[in-house]
Amino acid sequence: MRIGYPCINNSIGCTANHTFRLASYSRKKLLDTVKENLDCLKKTLGWNLEHGIMFFRIGSSLVPFASHPVCKVRWQERFSDEFRELGAFVRKHRMRISMHPDQFIVINSKDKGIVKRSVKELEYHSQVLDAMHLDITAKVQLHVGGVYGDKESAVSRFVSEYKKLPAHVKRRLVIENDERCYCLKDCLGISRKTGVAVLFDSFHHECYNKGESFRQAVGSAAKTWKRKDGRPTVDYSSQKKGRKKGSHTVTINTKHFLGFIRETKGIDPDVMLEIKDKEKSALKAVEALRKKGKKIR
DNA sequence: AGTTGTCAAGCTAGT
DNA sequence: ACTAGCTTGACAACT
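Residues numbered from 1 in each chain as written. Chains lettered and ligands numbered in written order. Predicted model: local features only at pLDDT ≥ 70, side-chain atom pairs only at ≥ 80, totals over all residues. Heavy atoms only, no water.

A. Local environment of the protein's contact with DNA strand C. Near DNA strand C there are 26 residues, and of these His18, Thr19, Arg21, Asp102 and His248 occur at the shortest range. Put simply, 72% of the atoms of DNA strand C that lie within 4 Å of the protein are in sugar or phosphate. Arginine 21 places a polar side-chain atom, nitrogen or oxygen, 2.3 Å from a base oxygen of DNA strand C. Histidine 204 places a side-chain nitrogen or oxygen 3.4 Å from a phosphate oxygen of DNA strand C. Across the surface near DNA strand C, the residue classes break down as three nonpolar, 13 polar and ten charged. (Near = heavy atom within 4 Å. Polar contact = N/O pair within 3.5 Å; in protein donor to acceptor, adjacent residues only side chain to side chain. Nonpolar A, V, L, I, M, F, W, Y, C, P; charged D, E, K, R; others polar.)

What follows is the structure, given as structure tokens:
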């Protein structure tokens, strides 16, 4: 079992998420920014290793505007050495990497343009992991998308768009239950139609579910993962007190977390903590699990 | 140097 | 009609 956090480490004084305004795009600006981001990513993974955190989500702006028509730079080739080195580090230490395209990526949209741009963005995400020469256990996780007042049609659009995706995208793509539109049951239905693996999000499940316990839910999602997909991964968070339903907690609630982990016994997924204070909660989680005698790689 | 409005992109529920 | 929330964070123009 690995513990991870998404996109940014606030303890090390750099981020791998530098971007810039589209209006100030230039070839040089892109190259400088990517170099800076890759340097920081290396530093972040080094810090993670030192602290026993073996799972990390790379932010989508690692290569800003990579899927935008403005970007003509062959960044995979330009930075092939850097990507390869990062990937070698990940493989050497048996770390896990994931990515999560943001909310604008909607492959079941009714708007063909949105679908097309979304596919481009999915290709970019896969290309980053490909450039690192990571096997297909490095996943790209995506929400199903919009409902548009007719879930049945929206699902069938998802299924048909999914089937058309390039193979290099499909082999990394997993779908995640969300807190409003597509619950775990919906995702499992899509999985049956497509073979796509389902990444279980515990907090979204708490917001929107069909009465399944954590244990049942984690178990049924895990069954959609094939051997080649690696250990199932789950997202974990909890509600921020006093805020709107769906707000992520600022720091980990250790008791709630350990309760969740207890429900995953025997499945032992890799756990991504979607919590605002990022690496701080990841450290708390690792420590809490070690105290319980859990083996954390 | 520090603050604040704005940023490529979408959708839904709540006010 | 408008905003919060989602991986909210980071840039860039302003005090």
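There's more to say after this.
B. Seen up close, the environment of lysine 185. Tracing the backbone through its elements, the reader meets lysine 185 in helix α7 (residues 184–194). By relative accessible area, lysine 185 is classed as exposed at 52%. In this structure, the C-alpha to C-alpha distance between lysine 185 and serine 220, residues 35 residues apart in sequence, is 9.3 Å. Look past the residues within four positions of lysine 185 in its chain and what remains in contact with it is Lys210 and Glu212. (Helix = DSSP H or I, 4+ residues; strand = E, 2+ residues; numbered from the N terminus. Buried < 20%, exposed > 50% of the residue type's maximum accessible area, 1.4 Å probe, protein only. Contact = heavy atoms within 4.5 Å.)

C. The state of the cysteines, seen in detail. The full count for this structure, using the stated rule, is one disulfide. Residue cysteine 14 pairs covalently with cysteine 40 via a disulfide, S to S 2.1 Å. With the S-S dihedral at roughly 85 degrees, the linkage between cysteine 14 and cysteine 40 falls on the right-handed side. Here cysteine 14 is found in the loop between β1 (3–6) and α1 (27–50), whereas its partner cysteine 40 is found in helix α1, with 26 residues between them in sequence. No disulfide involves cysteine 183; its sulfur sits 7.2 Å from that of cysteine 187, the nearest cysteine. (Disulfide = S-S within 2.5 Å.)

D. Summary view of the layout of surface pockets. In this structure, the second largest pocket encloses a volume near 300 Å³. Of all the secondary structure elements, the ones that give two or more residues to the lining of the second largest pocket are α3 (80–92) and β3 (96–99). Across the lining of the second largest pocket, the residue classes break down as five nonpolar, two polar and eight charged. (1 Å grid on protein atoms, 1.4 Å probe; cavity = no way out; pocket = protein on both sides within 12 Å on 5 of 7 lines; lining within 4 Å. Points joined across faces, edges and corners; volume = space filled by probe spheres on them.)

E. Quick look at the pairing of strand β4 (residues 139–143). Most of β4 is tucked away, with four of its five residues classed as buried. With two bridges joining them, β3 and β4 adopt parallel strand pairing. In the sheet register, serine 98 faces β4, and the bridge partner there is lysine 139. Following the chain from β3 across helix α4 (residues 112–131) to the adjacent parallel β4, one finds a crossover that is right-handed. Pairing of β4 with strand β5 (residues 173–176) involves four bridges; the strand directions are parallel. Along β5, the bridge assignment pairs leucine 142 with isoleucine 175. (Pairing = 2+ DSSP bridges. Right-handed = clockwise from strand over helix to strand, strands pointing away.)

So yeah, pure geometry; function would need other evidence.
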